[in-house]
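Below, each chain spelled out in residue letters.
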Amino acid sequence: MAKETSKMIEPVFKMELEAADPVEPQARWSSFFANHWKGCVVFLMPLLCLPIILMNNIPEYRCMYILLIMAVFWVTEALPLYVTSMIPIVAFPTMGIMGSEETCMTYFKDTLVMFMGGIMVALAIEYSGLHKRLALRVIQMVGCSPRRLHFGLIMVTMFISMWISNAACTAMMSPIVQAVLEELQAQGVCKIYHEPEYQMVGGKNKKKSEDELPYPTKVTQCYYLGIAYASSLGGCGTIIGTATNLTFKGIYDTAFPNATEKLDFPTFMFYSVPSMLVYTVLTYVFLQWHFMGLWRPKSKEAQEVQVGKDNAHVAKKVIDQRYKELGPMNMHEIQVMILFIIMVFMYFTRKPGIFTGWADLLPAKVIKNSMPTIFVVIMCFMLPANYAFLRYCTRRGPVPTAPTPSLITWKFIQSRVPWGLIFLLGGGFALAAGSKQSGMATLIGSSMSGLKVLPHPALLLVVILVAVFLTAFSSNVAVANILVPVLNEMSLALKIHPLYLVFPAGLACSMAFHLPVSTPPNALVAGYAHIRSKDMAIAGIGPTIITIIVLFIFCQTWGMVIYPNLDTFPEWAQIAAEEAANKSRLLAEVAANKTRIIELAANATRLLANNTELLTDLSTSSSNLVGNIIANSTQPLAQMAVNGTRLLTDLAFNKTL
């Protein structure tokens, strides 16, 4: 029976072997690194940077060790950005840079509270639908021919992006653009995507690639890239427009708490809005030239635009229909709009400088922009979305049968607020505070003193170019966290007004136009309209050159109007430089004293070793001497004992006789 069973199993087993899948070839190292490169970076980077603290185990280099690791993790995203930002909470206390409480306090500063409150107010606007009404109304006013429609979409996106996050603004405008393009395509005015390409295979038509995504036309790319770029550019207009602005503001305020030139809300707008308008309009012109044949009337693109101009009524019909669907403006939208206006008004009148602000009239301590922001957020929860409950008093009309909702709900906020930004911004603030307290920032700044030979405009251009280059491949906030602390100390070392370099560099960190990974608006439109990376890279050349030139020129001209002392080295900066120099000198003296103490300890150890050796020799010599004395004395004593014994024996014998 056993033999029969084995015979039955054997062919089945053989068949399974024959039917099995072919054995995969042996895995190669390239496959390992392709799948596990992030783990390799996380494991190897701390080891590769270890010589920095082994050779110089002082606070400056310990902080530099942490900075380099975080910079690599931020740029490569080997760890999530938010997780990398938590590293100072662990590393600073254990490496003797800052205490736990002091480190954690940097993760929830006034600037960060203002930013999170601004996001909540923006979500209240989105929750009410006010943003859609504003966008559609402005487009109606501008016009609906292809060029006017494109201009209207860009300007509306720019304005809304000044007050809400760039990603939310792009996500809001993309469906509007899609609806307009679909209606235009339905009327035969334009095409959204190119026709799929076919090739002859076996006598039959077959698509070139079954998995290939539809390829957008130039008109489609023009509209979508316009709103993506406008979102990034509009975010530069106000402090709350993007997290990057609040990042470099917070780092600057931390580094120079006694500065007379502040980055408050109105001053920030006066500085950045004019340049924002200029490079937004020039970006629109470039996109029109690149995609819609502006100044090229005989081009195919220009002829398509002319067809669209003749059928502008089609686009107007779509916009009018969308606006009509919103209905009349309700109490919910009115209240949110009033609260938003109150918040902006409080920003401007807190401490305007040209007259006494409301913060100066209150018998309170220092009030900053987080107060009006959170005040409006609280009011959004206190005020009802409608006042139907008053019918209980008036007894007119049907009374509500459910609780009246507030202007926004916490559930909506909880699901939409990017809470990880608290750690991302806080990690930058902690790194800036740690670099200052440890002396690392001063060390880096003084090492760049050789740049004094460059004229200030040339140095500014280099800083802008570096910021634009880095932000094309990494998170804007991460680049600002790395770059701004270094520029703060470099300004002190070169005796330049810190804002001369910090403000343009901070704005340049938002100028990311080339890749979908550069910034969320780029990623959103690339996924929404299937825009290829190579097309975005080519289209981004124009906005990049425009923003670099405009930003450089405005910082040399308009910046001097807003900050008249920008071409000087102010007194507060001199004091900060002297304090940094004194701290650097003190740290150098401490390091020298440590070195001297180590040398003294080494000498003492050497002396102790010599004394020990001497004592060992003395002990050995004494032992030998005593041994010799004892050895030499033993024989006479033994002889005396023998003689004494013999004498006693003789005496005893004589006495017996």
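Residues numbered from 1 in each chain as written. Predicted model: local features only at pLDDT ≥ 70, side-chain atom pairs only at ≥ 80, totals over all residues. Heavy atoms only, no water.

**What about the overall build of the protein?**
Each helix and strand counted, the protein has 31 helices and 2 strands in total. For the protein, buried positions account for 45% of its 657 residues. By element, 66% of the accessible surface of the protein is carried by carbon and sulfur atoms, the whole surface being about 34,800 Å². (Helix = DSSP H or I, 4+ residues; strand = E, 2+ residues; numbered from the N terminus. Buried < 20%, exposed > 50% of the residue type's maximum accessible area, 1.4 Å probe, protein only. Areas by Shrake-Rupley, 256 points an atom, 1.4 Å probe, with all protein chains shown as cover.)

**Regarding the packing of helix H22 (residues 420-438) against helix H25 (residues 476-494)**
Contact pair H22 / H25: the axes reach a minimum separation of 9 Å and the direction vectors enclose 15°. Relative to H25, the element H22 is oriented roughly parallel. Crossing handedness for the pair H22 and H25: right-handed. Counting all contacts with H22, which are made through Leu424, Leu425, Gly428, Ala432 and Ser435, the residues of H25 involved are Val477, Asn481 and Pro485. Here the contact of H22 with H25 is built from residues that sort into 5 nonpolar, 3 polar and no charged. (Axes fitted to C-alpha atoms, helices over the stretch in contact; angles between N-to-C directions. Parallel < 35°, antiparallel > 145°, perpendicular 65-115°, else oblique. Left-handed = near helix turned anticlockwise from the far one by under 90°. Contact = heavy atoms within 4.5 Å. Nonpolar A, V, L, I, M, F, W, Y, C, P; charged D, E, K, R; others polar.)

**With respect to the side chain of Thr84**
By the element assignment, Thr84 lies in helix H5 (residues 81-84). When neighbours within four sequence positions are excluded, Thr84 is seen to be in contact with Met70, Phe73, Trp74 and Leu79.

**Regarding the nonpolar core**
Grouped together as the largest cluster of nonpolar side chains are 165 residues, with contacts concentrated most on Leu153, Met173, Leu425 and Phe503. Top contributing element to this core by residue count: helix H14 (residues 265-292), with 12 residues. Ignoring anything within four residues of it in the chain, the contact list for Phe503 reads Phe248, Leu263, Phe268, Tyr271 and Tyr563. (Core = buried A, V, L, I, M, F, W, Y, C linked by side-chain atoms within 4.5 Å.)

**Here we look at the environment of His530**
Position of His530 among the secondary structure elements: in the loop between helix H27 (520-529) and helix H28 (533-539). Looking at His530, the relative accessible area reads 24%, which means it is partly exposed. Separated by 337 residues in sequence, His530 and Tyr193 place their C-alpha atoms 9.5 Å apart.

**Here's the deal with the pattern of salt bridges**
What the rule picks out here adds up to 3 salt bridges. A salt bridge links Arg416 to Glu126; its shortest N-O distance comes to 2.5 Å. A residue pair is termed long-range when its members are at least 10 positions apart, and Arg416 in helix H21 (residues 410-416) and Glu126 in helix H8 (residues 110-128) qualify at 290 residues. Linking Glu333 and Arg133 is a salt bridge whose minimum nitrogen-to-oxygen distance equals 2.7 Å. (Salt bridge = Lys/Arg side-chain N within 4 Å of Asp/Glu carboxyl O.)

**Structural notes on helix H9 (residues 130-142)**
Here H9 contains 13 residues, and its C-alpha end-to-end distance of 19 Å stays within 8% of the 18 Å for a straight helix at 1.5 Å per residue. Of the residues making up H9, those classed as buried are Leu130, His131, Arg133, Ala135, Leu136 and Ile139. Just downstream of H9 lies Gly143, where phi reads positive at about 125°. (Expected span 1.5 Å × (residues − 1).)

**Considerations on the environment of Lys109**
Considering the arrangement of structural elements, one finds Lys109 in the loop between helix H7 (100-105) and H8. Taking the relative accessible area as the measure of exposure, Lys109 reaches 26% and is therefore partly exposed. Along the primary structure Lys109 and Ile422 are separated by 313 residues, whereas in three dimensions their C-alpha atoms are 9.8 Å apart. Sequence-distant contacts of Lys109, defined by excluding residues within four places in its chain, comprise Gly250, Thr254 and Phe429. Within the structure, the side chain of Lys109 is placed 2.3 Å from the side chain of Thr254, a separation counted as a polar contact. (Polar contact = N/O pair within 3.5 Å; in protein donor to acceptor, adjacent residues only side chain to side chain.)

**Some details on the packing of aromatic side chains**
The final tally for this structure, using the stated rule, is 20 aromatic pairs. With a centroid separation of 6.2 Å and 45° between ring planes, the pair formed by Phe381 and Trp410 is classed as tilted. In this pair, Phe381 sits in helix H19 (residues 370-382) while Trp410 sits in helix H21, placing the two residues 29 residues apart along the sequence. Residue classification places Phe381 among the partly exposed residues on the basis of a relative accessible area of 30%. Connected via pairs of aromatic rings, a cluster forms that spans Phe159, Trp163, Phe265, Phe340 and Tyr347. The lysine or arginine in question, Lys109, covers the ring of Phe429, its NZ or CZ lying 5.6 Å from the ring centre. Taking the ring centre of Tyr323 as reference, the NZ or CZ of Arg133 above it sits at 5.7 Å. (Phe/Tyr/Trp six-rings, centres within 6.5 Å; stacked < 30°, edge-to-face > 60°. Lys NZ or Arg CZ within 6 Å of the ring centre and 35° of its normal.)

**Points about H22**
Between its first and last C-alpha atoms H22 spans 27 Å; for 19 residues at 1.5 Å apiece the expected length is 27 Å, and the two agree. Most of H22 sits inside the fold, with 16 of its 19 residues counted as buried.

**Thoughts on unusual backbone geometry**
With phi around 60°, Lys495 is a residue other than glycine that occupies positive phi space. Along the polypeptide, Lys495 turns up in the loop between H25 and helix H26 (498-508). A positive phi is found at His530, a non-glycine position, where the angle reads about 60°.

**Let's talk about the side chain of Ser272**
Here Ser272 shows up in helix H14. Of the residues examined, Ser272 reaches a relative accessible area of 0% and is grouped as buried. Polar side-chain contacts of Ser272 include one of 3.1 Å to the backbone oxygen of Cys236. If near-sequence neighbours (up to four positions away) are discounted, Ser272 is found in contact with Cys236, Gly237 and Leu507.

**Looking at the confidence of the model for the protein**
The predicted coordinates of low-pLDDT regions are not to be read in fine detail. In the predicted model, the protein carries a mean pLDDT of 79, and 83% of its residues have values of at least 70. Within the protein, the lowest mean pLDDT, 45, falls on helix H1 (residues 2-19), and the highest, 92, falls on helix H6 (residues 87-94). For the stretch residues 206-211, pLDDT sits under 50, and the model shows 11 contacts to residues farther than four places along the chain or on other chains. (pLDDT = per-residue confidence, 0-100.)

**A short note on the environment of Ala458**
Locating Ala458 in the fold gives a position in helix H24 (residues 456-471). Separated by 94 residues in sequence, Ala458 and Phe552 place their C-alpha atoms 9.8 Å apart.

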